[in-house]
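# Structure assessment
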Amino acid sequence: MKIATFALLGILLLGSYASMTAAESAGASQVALAFAGGSTWTSASTGICIWYFPVVGNLDSGSLFAADSTGAPVMDRAHSYLLWVSDFSVQPLTVPSYFLALAPAGEGTIYYTTRPDLRNFSDLTKRSTWGEPVATFIREASIVRSGDNLTTDTFIFSAKPDQQQHCQSERDPVRLQQSDPHGMTCFEWGQNGSSWEAGNCLAIGGATGGGRR
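Okay, so let's go over this structure.

Rules used throughout
Positions within a chain are numbered from 1, following the residues in the order the chain's sequence is written. Per-residue local features are limited, in this predicted model, to residues with pLDDT of at least 70; the limit for side-chain atom pairs, both in listing and counting, is 80 or more; totals at the level of whole chains, interfaces and linings are taken over all residues. Only hydrogens and water are removed before side-chain values are computed, so all heavy atoms of the structure are retained for them. Secondary structure counts use DSSP, requiring at least four H or I residues in a row for a helix and at least two E residues in a row for a strand, with both numbered from the N terminus. Note on definitions: a residue-residue contact is assigned when non-hydrogen atoms from the two residues lie within 4.5 Å. To measure how exposed things are, a 1.4 Å probe is used in the Shrake-Rupley method; for residues, cover is taken only from the protein chains shown. Here, a salt bridge means any side-chain nitrogen of Lys or Arg that lies within 4 Å of a carboxyl oxygen of Asp or Glu. Only protein chains enter the calculation, and the probe is 1.4 Å; a residue is then buried if its accessible area is under 20% of its type maximum, exposed if over 50%, and partly exposed in between. Disulfides are defined as pairs of cysteine sulfur atoms found within 2.5 Å of each other. Each Phe, Tyr or Trp ring, with Trp reduced to its six-membered ring, pairs with another whose centre is within 6.5 Å; inter-plane angles below 30 degrees give stacked pairs, above 60 give edge-to-face pairs, and intermediate values give tilted ones.

Looking only at helices and strands, one finds 1 helix and 11 strands in the chain. In the chain, the order of α-helices and β-strands from amino to carboxyl end is α-β-β-β-β-β-β-β-β-β-β-β. Counting contacts in the chain only where the partners sit at least 6 residues apart, residues at least 24 apart contribute 60% of the total. Of the roughly 10,200 Å² of accessible surface on the chain, a fraction of 53% belongs to carbon and sulfur atoms.

What follows is the structure, given as structure tokens:
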């Protein structure tokens, strides 16, 4: 399970389109993953976003989620082997009758553990129980939009692997951040001040044909 999961993450998230035995790779603008989760505000302008991944390529749910007592994988944050975690801030922009805010660039880290039941979320700044950080991404600056004072919102951003922070892990057999650094573009829809969020991320394509390394 670990090798299949991270091989596919490396190919789908970072745009390395080599052939695989388990599944076909994603091309540019194909859905690489789907996410769900939410954000917790730590102040009026800062917060922490935590997502889990119900879809990663065509991996089955048993490769992504731990099972309950019946042996069936449970598709929620509490059972997810993988988490995306990103600290963020926003800077409100002046637009009459519309909420618009700049979300400056930041980092997103993917954590992996085979024991999601041991994670402790009582203090979101203490992440030692969340698993190994197997990949770090630069979340590029973008805009948060809402026409109903954050009852609902949309947020679109791109994320590329951080080449300055190499997360070394034996559970990362393809060395995610040493793959082609194309990354992904994510489309998020939120509710209730982004306390609930869901969306899709698309693979960013690289050069093709003779121009590709």
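Another point: the pattern of salt bridges. This model, assessed by the stated rule, comprises 2 salt bridges. In this structure, Asp87 and Arg127 form a salt bridge, with 3.0 Å as the shortest nitrogen-oxygen distance. Placement of Asp87 in strand β3 (residues 82-89) and of Arg127 in the loop between β6 (106-112) and β7 (132-139) is noted, with a sequence separation of 40 residues between them.

Here we come to unusual backbone geometry. Residues other than glycine seldom take positive phi values, yet Asn149 does so here, at roughly 55°. Tracing the backbone through its elements, the reader meets Asn149 in the loop between β8 (142-146) and β9 (152-161). Not every positive phi belongs to a glycine, and Leu150 is a case in point at roughly 70°. By the secondary structure assignment, Leu150 is in the loop between β8 and β9. When its relative accessible area of 18% is taken as the criterion, Leu150 is described as buried.

Right, let's get into the state of the cysteines. Here the structure, examined in full by the defined rule, presents 1 disulfide. Here Cys186 is linked by a disulfide to Cys201, with a sulfur-sulfur distance of 2.1 Å. Of note, the bridge from Cys186 to Cys201 carries an S-S torsion of about 105° and is right-handed in sense. Taken together, the residues Cys186 in strand β10 (residues 184-191) and Cys201 in strand β11 (residues 196-203) connect sequence positions 15 residues apart. In this pair, the class of Cys186 matches that of Cys201, namely buried. Between Cys49, a free cysteine, and Cys186, which holds the nearest cysteine sulfur, the sulfur-to-sulfur gap is 9.6 Å.

Scanning the model with the defined rule gives 12 aromatic pairs in all. Ring geometry for Trp51 and Trp84: centres 5.9 Å apart, planes at 20°, overall stacked. You can see Trp51 sitting in strand β2 (residues 46-56) and its partner Trp84 sitting in strand β3, a full 33 residues away along the chain. Each member of the pair, Trp51 as well as Trp84, is classed as buried. With centroids separated by 6.0 Å and ring planes inclined at 40°, the aromatic side chains of Trp84 and Phe137 adopt a geometry described as tilted. Placement of Trp84 in strand β3 and of Phe137 in strand β7 is noted, with a sequence separation of 53 residues between them. Phe137 shares its class with Trp84; the two are buried. Among the aromatic side chains, those forming a connected cluster through ring pairs are Phe35, Trp51, Trp84, Phe137, Phe155 and Phe157.

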